[in-house]
Amino acid sequence: METKEIKNKVRKEQQLMTGAQAVVHSLIAEGVDLMFGYPGGAIMPVYDALYDVQDSLTHVLTRHEQGATHAAQGYARATGKVGVCIATSGPGATNLITGIADAQIDSTPMVCITGQVASHLLGTDAFQETDVIGISMPVTKWNFQVTRAEEIPMAIAKAFYIARTGKPGPVLVDITKDAQFGEVAFNYVPFKGMRSYVPTPALEMDSLTKAAALINTAKKPFILFGQGVVLSGAEEEFKTFIEKTGIPSAWTILGLSALNSDHYLNVGMLGMHGNYAPNKMTNECDVLIAIGMRFDDRVTGDLSRYATQAKVVHLEIDPAEIDKNVKTDVAVLGDAKETLEELTKIVDQREHAEWLAEFRALEQEEIDTVINEELSPKSDVMTMGEVIHQINEVSDQKNIFVTDVGQHQMIACRYAKFKQSRSMITSGGLGTMGFCLPAAIGAKMGMPNSQVIGIIGDGGFQMTIQELGTIFQCKTAVKIVVLNNEFLGMVRQWQELFFDKRYASTEMVNPDFQTIVKGYGIATKKVIERADLESSVKEMLAHDGSYFLEVMVGKENNVFPMVPTGASVSEIRLK
């Protein structure tokens, strides 16, 4: 028997394996069946180990490491599972940072694995050595560098536990090359917890009682809900709670789709380009109930003039978010699913018909002034809103929308209709252009039986346009809609409104997208005339495979309503 065969026999009998094989088998033990990445020298042993488990663990070769992170994000957001991506050391690792930062601020569970130079070379400025632990520390929930093979199973188990529990987020495990080549007696034990980390605070009945007292006596209560409802799987508990209390409810863009668009208590979107009524009524309510949201600046506007008249109840899993931006009268710490279930038991059955009617009156003002013009424009120039409206009209409204960042993002959030949760995936807190195309790939691969539609601007599309190659190679049946206004639209809007129309470096001279897309073997069509829009959308949705639809929209159309930066939410402008 040859030496290699003897070693393999002993390794099998003693359950010995290389560190690289331990990485792969740890992922499989965690239930991972799909991951995204890009190979290189320092991570090559792990890729070699992946070769032997292709039936159990699929690796998707993206065209850039940033694309791998966004694809992992899209997968995680669509499925509720932990997204996984992998890259080599140096530039491979640093190319992950934007996606990791995006996942951190949007609470997306993700495990990133990077290769690193051999441990004896650490700190020597070796080829492709970068201190990714130091670089990623501010934008990860946890990170760890592995220098010995025997550390690998526990490090990965701990990574998955931290990524998915409590307030989710990204973690990074950096593995030196010698640790990947080293040998370990493999024994994977799922991580159960540690003393220094309490992912979910214990429920305090006293806080629930105080919150219920405020809610039961409120005359004009108002609910703001965010992604915490989705992350905790509390959609049904939330719906039960609002229907019992009769409270009007508005969403952040990451909370979008937690409540059906047509629910009678759904009063629209909060924030800078949100709906008129919920922004105005924030400064009219007497009790403000925040559920799984963090009062970011795009929601609050000028904090000194934000809901100063209201008592504030905040349901939140992360103690760091309490009183961070808005002073809370009653904080209810805990997982939203559990807290809402308990809170619903002790609140009164109520209706707030007159208060809800005030929202509807303001909503009608917005319909008359903004929405009718956006969805049924009088000019010959197509709007972004009518494209989204057309998708609503010809589909079953069970699509998963993925957006990039800009005017089209706000328009999609405002006008897309949803009947199920986890059906809007967007970059919220970081606002990452280039997010959509790879995130849509990840979402489609995670939910292959769902219609996944990416809504992108011409600027953001070109930031990760290379991921068309991933679609081509993997035959991913994602639908891509580029709303082309030949501008960096949102920046241009601000230049028009606040910088005297000085359009500095925002006009785009674009290539022929149709020719590029055809080169990747993707079905494609360009819509210039409104008369062709409906049939083209139908063709796209019916097509069996990937499809690229480019729609030429108004170059200088603006997104309204708008809360100017630094203004109060009460100062929201309809035009």
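Here the structure is a predicted model, which means the values were calculated and not measured. (Residues numbered from 1 in each chain as written. Predicted model: local features only at pLDDT ≥ 70, side-chain atom pairs only at ≥ 80, totals over all residues. Heavy atoms only, no water.)

Chemist: Can you walk me through the domain arrangement of the protein chain in this structure?
Modeler: Note on interface size: it is often stated as the accessible area lost on association of the parts. Annotation of the protein chain at the domain level lists domain 1 (3-185), domain 2 (205-358) and domain 3 (382-552). Using only C-alpha atoms to locate each centre, domain 1 and domain 2 end up separated by 38 Å. The interface of domain 1 with domain 2 comprises seven residues on the first partner and seven residues on the second. Taken over both partners, the interface formed by domain 1 and domain 2 buries close to 590 Å², and the fraction arising from carbon and sulfur atoms is 55%. It is Arg 77, Asp 106 and Lys 167 that lose the most area in domain 1 upon contact with domain 2, and together they represent 61% of the buried surface on that side. Here domain 1 and domain 2 share two salt bridges between them. The residue Glu 321 makes a salt bridge to Lys 167 at a minimum N-O spacing of 2.9 Å. Our count for the domain 1 to domain 2 interface comes out at three residue pairs in polar contact (both at pLDDT 80 or more). (Domains from an automatic or database assignment. Contact = heavy atoms within 4.5 Å. Buried area = accessible area lost by both parts, 1.4 Å probe. Salt bridge = Lys/Arg side-chain N within 4 Å of Asp/Glu carboxyl O. Polar contact = N/O pair within 3.5 Å; in protein donor to acceptor, adjacent residues only side chain to side chain.)

Chemist: What am I meant to see in the side chain of Glu 151 here?
Modeler: Structurally, Glu 151 is set in the loop between strand E6 (142-146) and helix H8 (152-164). Residue class for Glu 151 comes out buried when judged on its relative accessible area of 18%. In this structure the side chain of Glu 151 is engaged in a polar contact, spanning 3.0 Å, whose partner is the backbone nitrogen of Thr 147. (Helix = DSSP H or I, 4+ residues; strand = E, 2+ residues; numbered from the N terminus. Buried < 20%, exposed > 50% of the residue type's maximum accessible area, 1.4 Å probe, protein only.)

Chemist: Honestly, the sheet that holds strand E20 (residues 547-552) in this entry has me stumped. Any pointers?
Modeler: In a beta sheet, neighbouring strands pair by backbone hydrogen bonds and run either parallel or antiparallel. Strand order in this open sheet of six strands is E16-E15-E17-E18-E20-E19, and the pairing throughout is parallel. Sheet topology places strand E16 (424-425) and strand E19 (523-527) at the edges, where each strand pairs with a single neighbour. Note: strand E15 (residues 400-403) against E16, two bridges, orientation parallel. Bridge assignment links Val 402 to a residue of E16, and that residue is Ile 425. Against the sheet, helix H17 (residues 384-394) engages E15, strand E17 (452-457), strand E18 (479-484) and E20, with an angle of about 155° to E18. (Pairing = 2+ DSSP bridges. Axes fitted to C-alpha atoms, helices over the stretch in contact; angles between N-to-C directions.)

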